[in-house]
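# Examination of the molecular architecture
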Protein chains: 2
Amino acid sequence: MAEQESAESICPKMQVMLAVSHSIKGYPKPSVSSRNALDWIITKLLRPCCKKEYKILILHVQIPDEDGYEDMDSMYTTVNDIRSHHKTEKQKGLALLEYFVKRCNEAEVDCEAWLSKGDPKLVICKEAKERQPDLLVLGSRGLGTLQRIFVGGSSSYCAKNAPCPVVIIRRDPSETPSDPLDD
Amino acid sequence: MAEQESAESICPKMQVMLAVSHSIKGYPKPSVSSRNALDWIITKLLRPCCKKEYKILILHVQIPDEDGYEDMDSMYTTVNDIRSHHKTEKQKGLALLEYFVKRCNEAEVDCEAWLSKGDPKLVICKEAKERQPDLLVLGSRGLGTLQRIFVGGSSSYCAKNAPCPVVIIRRDPSETPSDPLDD
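This one's a predicted model, so the numbers in the text were calculated from it and none came from an experiment.

Here the focus is the overall build of chain A. Helix and strand content of chain A: five helices and five strands. Across chain A, helices and strands are ordered from the amino to the carboxyl terminus as α-β-α-β-α-β-α-β-α-β. Counting the 183 residues in chain A, one finds 44% classified as buried. Considering only contacts in chain A between residues 6 or more positions apart, those separated by 24 or more positions represent 78%. For chain A, the accessible surface area stands at approximately 10100 Å², while carbon and sulfur atoms represent 52% of it.

With that settled, the discussion passes to the interface of chain B and chain A. Taken together, the 27 residues of chain B in the interface contact 27 residues of chain A. Of the roughly 1800 Å² buried between chain B and chain A, counting both surfaces, carbon and sulfur atoms make up 55%. Residues arginine 47 of chain B and glutamate 53 of chain A are paired through a salt bridge, measuring 3.6 Å at the closest nitrogen-oxygen approach. Our count for the chain B to chain A interface comes out at 14 residue pairs in polar contact (both at pLDDT 80 or more). Counting residues per element, the ones that place at least two in the side of chain B that touches chain A are helix H2 (32-45), helix H5 (151-161) and strand E5 (166-170) of chain B. At five residues, E5 of chain B tops the list of elements feeding residues into the side of chain B that touches chain A. Here the residues of the side of chain B that touches chain A sort into 19 nonpolar, one polar and seven charged.

Under the defined criterion, the tally for this structure stands at 20 salt bridges over all chains. Taking the shortest distance from any N to any O, the salt bridge between glutamate 89 of chain A and lysine 92 of chain A comes out at 3.3 Å. In this pair, glutamate 89 of chain A and lysine 92 of chain A are both assigned in helix H3 (residues 79-106), three residues apart and thus about one turn of the helix distant. Overall, the relative accessible area of 18% leaves glutamate 89 of chain A in the buried class. Of the charged contacts, one joins lysine 55 of chain B and glutamate 112 of chain B as a salt bridge, the two residues approaching to 2.8 Å between their closest N and O atoms. One end of the pair, lysine 55 of chain B, is in strand E2 (residues 54-62); the other, glutamate 112 of chain B, is in strand E3 (residues 110-117), and 57 residues separate them in sequence. A cluster of three or more residues bridged by salt bridges with shared partners is formed by Lys55, Glu112 and Arg131 of chain A.

Residue and element names in this part refer to chain A. By the secondary structure assignment, serine 155 is in helix H5 (residues 151-161). Its relative accessible area of 5% is what places serine 155 among the buried residues. When neighbours within four sequence positions are excluded, serine 155 is seen to be in contact with Leu138, Ser140 and Ile168.

Rotating chain B by 180° and translating it 0.0 Å along the rotation axis places it on chain A, where the RMSD comes to 0.1 Å. Those values place the two copies in the arrangement expected of a two-fold rotation axis. When each C-alpha of chain B is compared by its distance to the rotation axis, valine 167 of chain B comes out closest, at 2.4 Å. A share of 100% of the interface residues of chain B reappears at the interface of chain A, consistent with the copies meeting face to face through the same patch.

Attention now goes to the confidence of the model for chain A. Residue and element names in this part refer to chain A. Per-residue confidence for chain A gives a mean pLDDT of 84; residues scoring 70 or more make up 84%. Residue range residues 1-9 is modelled with pLDDT below 50. Its contacts to residues more than four positions away, or to other chains, number zero contacts. Low pLDDT, under 50, characterises residues 144-152; the stretch is placed with 17 contacts to residues that sit more than four places away or in other chains. Interface confidence in the predicted complex, given as ipTM, is 0.83; pTM for the same model is 0.85.

Moving on to unusual backbone geometry. All names here are of chain A. In this structure, proline 28 follows tyrosine 27 across a cis peptide bond, with omega equal to -5°. The phi dihedral of glutamate 108 is positive, around 60°, even though this residue is not glycine. Looking at the secondary structure, you find glutamate 108 in the loop between H3 and strand E3 (110-117). Judged by relative accessible area, which is 62%, glutamate 108 ranks as exposed.

What follows covers the nonpolar core. In this structure, Trp40 and Val137 of chain A together with Trp40 and Val137 of chain B are the most contacted members of the largest nonpolar core, which totals 50 residues. Dropping the residues within four chain positions of it, tryptophan 40 of chain A is found in contact with Leu45, Leu135, Val137, Val167 and Ile169 of chain A together with Met14, Asp134, Leu135 and Pro165 of chain B.

Relative orientation and spacing of two packed helices are given, respectively, by the angle between their axes and the distance between those axes. Residues and elements named next belong to chain A. It is at 11 Å that the axes of helix H2 (residues 32-45) and H3 come closest, and there the two elements cross at 15°. It follows from the interaxial angle that H2 and H3 lie roughly parallel. For the pair H2 and H3, the crossing hand works out as right-handed. When H2 is examined against H3, the residues Ser34, Arg35, Leu38, Asp39 and Ile42 are found in contact with a partner set consisting of Tyr99, Phe100, Arg103 and Cys104. Residues that form the contact of H2 with H3 fall into these classes: five nonpolar, one polar and three charged.

Moving on, we come to H2 of chain A. Residues and elements named next belong to chain A. For H2, with 14 residues, the first-to-last C-alpha span of 19 Å sits near the 20 Å given by 1.5 Å per residue. Counting buried positions over the 14 residues of H2 gives 10, a clear majority of the element. Residues of H2 that are buried: Val32, Ser33, Ser34, Asn36, Ala37, Leu38, Trp40, Ile41, Ile42 and Leu45.

Another aspect to go through is the environment of alanine 95 of chain A. Residue and element names in this part refer to chain A. You can see alanine 95 is positioned in helix H3. Alanine 95 gets classed as partly exposed once you look at its relative accessible area, which sits at 28%. As a C-alpha pair, alanine 95 and proline 28 span 67 residues in sequence and 5.6 Å in three-dimensional space.

Definitions and cut-offs
- Every chain's residues receive numbers from 1 upward, in the order its sequence appears when written.
- Chain labels run from A onward and ligand labels from 1 onward, assigned in the order the entries are written.
- Per-residue local features are limited, in this predicted model, to residues with pLDDT of at least 70; the limit for side-chain atom pairs, both in listing and counting, is 80 or more; totals at the level of whole chains, interfaces and linings are taken over all residues.
- Based on all heavy atoms of the structure, the side-chain values leave hydrogens and waters out of the count.
- In this text, helices come from DSSP runs of H or I with a minimum length of four residues, and strands from runs of E with a minimum of two, each type numbered from the N-terminal end.
- Buried means the residue's accessible area, taken with a 1.4 Å probe over protein chains only, is under 20% of the maximum for its type, while exposed means over 50%, and partly exposed covers the values in between.
- Here, residues are in contact when the closest pair of their heavy atoms is within 4.5 Å.
- Note on areas: these come from Shrake-Rupley sampling with a 1.4 Å probe, and a residue is covered only by the protein chains present in the view.
- Once two parts are put together, the accessible area they lose, assessed with a 1.4 Å probe and summed over both, is termed the buried area.
- A pair is scored as a salt bridge if a Lys or Arg side-chain nitrogen falls within 4 Å of a carboxyl oxygen belonging to Asp or Glu.
- Whenever two N or O atoms come within 3.5 Å, that pair is a polar contact, provided that in protein one can donate a hydrogen and the other can accept it, and provided that, for residues adjacent in sequence, both atoms are side-chain atoms.
- Note on residue classes: Ala, Val, Leu, Ile, Met, Phe, Trp, Tyr, Cys and Pro are nonpolar, Asp, Glu, Lys and Arg are charged, and everything else, Gly too, is polar.
- Least squares is the method used to superpose the copies, on C-alpha atoms of residues holding a pLDDT of at least 70 in both.
- On a range of 0 to 100, pLDDT expresses the predictor's confidence in each residue.
- Among buried residues, the Ala, Val, Leu, Ile, Met, Phe, Trp, Tyr and Cys ones that are joined through side-chain atoms within 4.5 Å form a nonpolar core.
- Structural elements are reduced to axes, namely lines fitted to C-alpha atoms, with helices fitted over the stretch in contact, and the angle between N-to-C directions of any two is expressed from 0 to 180 degrees.
- With respect to orientation, any angle under 35 degrees is reported as roughly parallel, any angle over 145 as roughly antiparallel, any angle of 65 to 115 as roughly perpendicular, and every other angle as oblique.
- Left-handed describes a crossing whose near helix is turned anticlockwise from the far helix through less than a right angle; right-handed describes the clockwise counterpart.
- How far a helix is expected to stretch is found by multiplying one less than its residue total by 1.5 Å.

As structure tokens, this is what we get:
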């Protein structure tokens, strides 16, 4: 046990933080850019001979539904109704995380996933400050006009403001899905 | 032998390209940002248990001396004089590379270093296109005004235009050297 601890202190795991988003279609489908980012981690970054030396920290930031449009049809009659709505949002986020956790499990690499709420770019930087990963990985659609849709607008902000090195996995134009909603 | 080949094809080395620059003081002193970038590769990216699975590709791009100011005092009387000047420039570049190759040797990681000439940002992207690394690592002074002095102006261009993922190792303001010329 003492030996194990000493070995770990000599060679701490590489902590790789990955911020993920859902597709434009919505939950629970992951965005192509987030899947690409995880693919890069698994196939290029991770060394198969020492998978135990990595830990993937998977974060999904949910944007608070400020205008409430999405729920125009909902009618709340009790406090429980409202609580149940919040629970549903959380469940959708968890369903998205499930995809990434499953992929890590299949790749036999240690991971930890969690949800947070707020402006993605700010929350990602805040969480990176707390968790101190060795690398922050973000996918990018290579667009930039769809500001509100997560990564497009967040990646360049995080590249400049995150407290750790950031790698942005850009997509080859040929990888753009034929249905933009699958993005 | 056949087994070795097969193992290599299953798990190819991670090719990490590092573009390096000299300090403002000039050759052969490496810039703080380039040293930082190599430090990050060695201490954070490389997994000590499988160093054989990495190859560091070290590139230094020399900027052609367009205005000739640096050589105002030189007088060339023969073709050999001019050739000798070119040789000297190359030798200075090689002396810079020596620092990085030595560090890789000490860290027991495979490397390859070479010089090139031209506009650093364009040459880095062109070489990355040819070598197809899994990751391009660049140091950054976090300034941006010293356009001509290598990394400052090149890193953001490369982050957008390189054909592979790019990680920029930014420097903490506290790491700024007391003598700016050491930068």
